[in-house]
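So you can see what is in the structure, the chains are spelled out below.
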Amino acid sequence: MTEVNLDNVRQQLTALNLKADKMRIVTVSAMDEDVLESCTSNEGECFYNSYMNVIYGKGERYVLGYRLENEVVDHAIIRKGDQYFDPTLQAEGDFKEYQYAVMAEFTVFDMMKHAKSNKDFPPDVDYIFSKASKFKNVIDVERLKK
């Protein structure tokens, strides 16, 4: 697994007007190759891929947040059971487990409802910030007002 400095990550998330201490950090694992083969995994399309994989039952939740690297990267993954997967990155090959900061998780119904109000695009970080008052558990709404 790629090691990251969690203090540095928290500083970056806080600078993005997030409540870093309220965000869960999870480990993203590799999925079985036979399951991966049946997943939507277009290169560089994590939001679309995760959206489609939840619609078609490859995941139970659409998960929005940040890949924890030297610089945090907004990204979408899927959850199945209590495990988190990233078919987009895994399909690129040479996948290593990594840590991920969760902003929000959506069931298929909630994901589709949000997509409908987002011009049929899967929810992304910009969309979540546009609805900040509904996600104030992880977004520092007071800092956004400054």
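Whatever comes next refers back to the structure up there.
Thresholds, definitions, all that
Residues numbered from 1 in each chain as written. Predicted model: local features only at pLDDT ≥ 70, side-chain atom pairs only at ≥ 80, totals over all residues. Heavy atoms only, no water. Buried < 20%, exposed > 50% of the residue type's maximum accessible area, 1.4 Å probe, protein only. Helix = DSSP H or I, 4+ residues; strand = E, 2+ residues; numbered from the N terminus. Pairing = 2+ DSSP bridges. Salt bridge = Lys/Arg side-chain N within 4 Å of Asp/Glu carboxyl O. Arc of directions from axis to C-beta. Contact = heavy atoms within 4.5 Å. Polar contact = N/O pair within 3.5 Å; in protein donor to acceptor, adjacent residues only side chain to side chain.

A. Structural detail: helix H3 (residues 46-55). With 7 of 10 residues buried, H3 is to be regarded as a mostly interior element. Residues Cys46, Asn49, Ser50, Tyr51, Met52, Asn53 and Val54 constitute the buried set of H3. In the segment just after H3, Gly57 is the residue with positive phi, at about 80°.

B. Representation of the pairing of strand E5 (residues 98-106). For E5, the buried fraction is high: 8 of the 9 residues fall into the buried class. For strand E1 (residues 24-29) and E5, the ladder comprises 5 bridges, and the chain directions are antiparallel. Each residue of the ladder has a partner; that of Ile25, found in E5, is Ala101. Across 6 bridges, the pairing between strand E2 (residues 61-67) and E5 is antiparallel. For Arg67, the partnering residue across the bridge sits in E5 and is Tyr100.

C. Looking closely at the pattern of salt bridges. Counted under the stated rule, the structure contains 5 salt bridges. Glu105 serves as the salt-bridge partner of Arg24, at 2.6 Å between the closest nitrogen and oxygen. Of this pair, Arg24 sits in strand E1 while Glu105 is found in strand E5, placing the two residues 81 residues apart along the sequence. With a relative accessible area of 43%, Arg24 lands in the partly exposed category. Of the charged contacts in the structure, one is a salt bridge between Arg67 and Glu69, with a shortest N-O distance of 2.8 Å. Given the relative accessible area of 13%, Arg67 is considered buried.

D. A look at helix H1 (residues 6-15). Those residues of H1 that fall on the buried side of the exposure criterion are Val9, Gln12 and Leu13. Down the axis of H1, the sector holding all buried residues measures 95°, keeping them to one side. Looking at H1, the residues exposed on the side facing more than 90 degrees away from the buried face are Asp7, Gln11 and Ala15. Where H1 is buried, its residues contact E2 and E5. Sitting at the amino-terminal end of H1 is Asn5, which places a side-chain oxygen 2.9 Å from the backbone nitrogen of Asp7.

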